[in-house]
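Single-letter residue listing:
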Amino acid sequence: MNILRHENPTSALATPEDEAIFAAARDTEAPPLPPEAAAEPTGTLSERRHTGTRIYPGVARDYAVYTPANLDPATPAALLVLQDGRAYSSPEKFRATSVLDALIGTGAIPPTVAVFIEPGDLPGNPPQSRGNRSFEYDTLGPAYVTFLLEELLPEALAGLNVSADPAQRTIGGMSSGGICAFNAAWERPDRFGKVLSHCGSYTNIRGGHVYPSYVRAAEPKPLRVFLQSGANDFDKPTGNWAVANFDMATALKLKGYDYRFEFGLGGHDLRHGAATFAAALRWLWR
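Below, the structure is looked at part by part. Note on numbering: residues in each chain are counted from 1, in written sequence order. Local features in this predicted model are restricted to residues of pLDDT 70 or higher, and side-chain atom pairs are both shown and tallied only at a pLDDT of 80 or more, whereas totals for entire chains, interfaces and linings draw on every residue. Only hydrogens and water are set aside when side-chain values are computed; all heavy atoms of the structure are taken into account.

Considering the overall build of the protein
Quick reminder of the rule: Working definition: helices are DSSP H or I runs of at least four residues, strands are E runs of at least two. Numbering for both runs from the N terminus. Radius of gyration means the value over C-alpha atoms here, while the globule rule gives 2.2 Å times the residue count to the 0.38 power. Residue burial is assigned from relative accessible area. The probe radius is 1.4 Å, only protein chains are included, and a residue is buried under 20% of its type maximum, exposed over 50%, and partly exposed in between. In this analysis, two residues are considered to be in contact whenever any of their non-hydrogen atoms come within 4.5 Å of each other. Areas reported here follow the Shrake-Rupley algorithm with a probe of radius 1.4 Å; residue values treat only the protein chains shown as occluding.
Check the secondary structure of the protein and you find 10 helices and 10 strands. Its C-alpha radius of gyration of 18 Å places the protein within 12% of the 19 Å reference for a compact globule of 286 residues. Taken along its principal axes, the extent of the C-alpha atoms in the protein is 45 × 40 × 35 Å. Going through the 286 residues of the protein one by one, you find that 57% of them count as buried. Taking contacts inside the protein between residues at least 6 apart in sequence as the whole, the part at least 24 apart equals 79%. Carbon together with sulfur atoms contributes 56% to the accessible area of the protein, which is approximately 11,500 Å² in total.

Next comes the structure, spelled out in structure tokens:
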């Protein structure tokens, strides 16, 4: 039994069915994938490659764009942007596209375009070497979100009708990708209004341990935030990930944010995040 608990605000309650899913995932190190992950694929996943020009010149990366079946071009679609994209789009493990197919098909979330982005490969290095990952993800400030908004996303979303409303735009990731997602929304809440953070690295890799203090000191921003970590998350000289995520959650609570923190028994991986992915998306779009 996990005795470490965080009391989420009553305003963060999900449906009774999703509360049961969240509760079950907390008390095991290996929760199963949600039923939605078994859905037969109906959307399309298009693999692409981008080379940076201004923010990260010469840095290339793979990315993939998911479009749901029967997407109405006349209606702006919601947007989901996930860092370390292949970890999420993997058909063997996370199965994010199957979950999206299922949720969109039942109307649980709006029709959503998803962009799965890999970290950059340094010039001269082979594809998937990901040598620019920490520089991109763990560095605080506007560089990465500027890269997304001015370089990669205009290319990725060309020809698609995607909503500009930040309340319809979610950014997420795991570990350094989690703090990267929060940092992007923190810097540009006018473009991303929802955050999905799995085992976020709010630790001193490149100064991210200051984020709870930033949240406490600043006026609240119009963000809805879903955090997840576990009792067996990393404990390193740069920080303790479980403690850091507790600190983020209490800072968000202090400032009255619309947030939810799910803390279980798991380690620094996506098992808990995968098990609650469908419920988390329903919560973010409630």
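Examining the sheet that holds strand E10 (residues 258-267)
Put simply, the rule is: The criterion for strand pairing is that DSSP finds at least two bridges linking the strands in question. Axis definition: a line fitted to C-alpha atoms, over the contacting stretch in the case of helices. Angles run 0 to 180 degrees between N-to-C directions.
Spatially, 8 strands are ordered E1-E2-E4-E3-E5-E6-E7-E10 in an open sheet, and the strand pairing comes out mixed. Two strands lie at the open edges of the sheet, namely strand E1 (44-51) and E10, each paired on one side alone. Across the sheet, the mean angle separating the axes of adjacent strands is 15 degrees when strand polarity is ignored. The pairing of E1 with strand E2 (residues 60-67) spans 8 bridges and is antiparallel. Across the sheet, Thr51 pairs through a bridge with Ala60, a residue of E2. The sheet contacts of helix H8 (residues 241-254) involve strand E7 (224-232) and E10, and relative to E7 the element is tilted by about 150 degrees.

Quick word on the packing of aromatic side chains
Rule in force here: Two aromatic rings, drawn from Phe, Tyr or Trp (for Trp, its six-membered ring), form a pair once their centres lie within 6.5 Å of each other, and the interplanar angle then sorts them: stacked below 30 degrees, edge-to-face above 60, tilted otherwise.
For the coordinates displayed, the defined rule picks out 17 aromatic pairs. Ring geometry for Tyr144 against Phe147: centres 5.9 Å apart, planes inclined by 45 degrees, an arrangement best described as tilted. Remark: Phe147 and Tyr144 occur in helix H5 (residues 143-156); sequence separation between them is 3 residues, near one turn of the helix. On the basis of relative accessibility, which here comes to 3%, the residue Tyr144 falls in the buried class. Classification of Phe147 by relative accessible area gives buried; the value is 0%. Relative to Phe261, the ring of Phe246 has its centre 5.1 Å away and its plane inclined at 85 degrees; by these criteria the two rings are edge-to-face.

Quick look at the packing of helix H1 (residues 16-26) against helix H10 (residues 277-284)
Two quantities define a packed helix pair, namely the angle between the axes and the distance from one axis to the other. As a reminder, the rule being used: By the definition adopted for this analysis, an angle is roughly parallel if under 35 degrees, roughly antiparallel if over 145, roughly perpendicular if from 65 to 115, and oblique otherwise. Crossings are sorted by hand: turned counterclockwise from the far helix by less than a right angle, the near helix makes the crossing left-handed, and turned clockwise it makes it right-handed. Throughout, the ten residues Ala, Val, Leu, Ile, Met, Phe, Trp, Tyr, Cys and Pro are labelled nonpolar, Asp, Glu, Lys and Arg are labelled charged, and all others, Gly among them, are labelled polar.
Contact geometry of H1 with H10 gives a least axis separation of 10 Å together with a crossing angle of 135 degrees. Classed by the angle they form, the pair H1 and H10 counts as oblique. The way H1 lies across H10 gives a crossing that is left-handed. Where H1 abuts H10, its residues Asp18, Ile21 and Phe22 lie against Ala279, Ala280 and Arg282. Classifying every residue of the contact of H1 with H10 gives 4 nonpolar, no polar and 2 charged.

Quick notes on the environment of Ser98
What counts, and what does not: What qualifies as a polar contact is a pair of N or O atoms within 3.5 Å, subject to a donor-acceptor requirement within protein and to the restriction that residues adjacent in sequence count only when both atoms come from side chains.
One can find Ser98 in helix H3 (residues 96-106). Ser98 sits in the buried class, given a relative accessible area of 3%. Considering only alpha carbons, one finds Ser98 and Gly43, 55 residues apart in sequence, at a separation of 8.2 Å. Each residue touching Ser98, except ones within four places of it in the same chain, is listed here: Glu36, Ala37, Ala39 and Pro41. Only 3.1 Å separates the side chain of Ser98 from the side chain of Arg95, close enough to count as a polar contact.

Remarks on the nonpolar core
To keep it simple, the criterion reads: We call a set of buried Ala, Val, Leu, Ile, Met, Phe, Trp, Tyr and Cys residues a nonpolar core when their side-chain atoms join them within 4.5 Å.
Ranked by internal contacts, the top residues of the largest apolar core, which has 48 residues, are Leu79, Val115, Leu153, Phe182 and Phe192. Top element by residues in this core is H5. It accounts for 8 residues. Among all residues touching Phe192, those that are not within four sequence positions of it are Leu79, Val81, Val145, Leu149, Leu153, Pro166, Arg169, Thr170, Ile171, Ala185 and Leu223. Counting residues in hydrophobic clusters, the runner-up holds 32 residues, among them Ile109, Ala114, Ala279 and Leu284.

Points about empty space enclosed by the protein
Where we set the bar: Site definitions follow a grid-based scheme: protein atoms alone, a 1 Å grid, a 1.4 Å probe that fits but cannot get out for cavities, and for pockets an open set with protein on both sides within 12 Å along at least five of seven lines, plus lining residues having an atom within 4 Å of a point. Grid points are joined across faces, edges and corners, and a volume is the space filled by probe spheres set on the points.
Under the definition given, this model contains 1 cavity of 30 Å³ or more. Reported here for the largest cavity is a volume of approximately 40 Å³. Along its surface, the largest cavity is lined by Glu47, Asp62, Tyr63, Ala64, Gly85, Arg86, Ser89, Phe116 and Glu118. Elements that contribute at least two residues to the lining of the largest cavity include exactly E2 and helix H2 (85-89). Residue composition of the lining of the largest cavity, by class: 3 nonpolar, 2 polar and 4 charged.

All quantities given are derived from atomic positions and should not be read as evidence of function.
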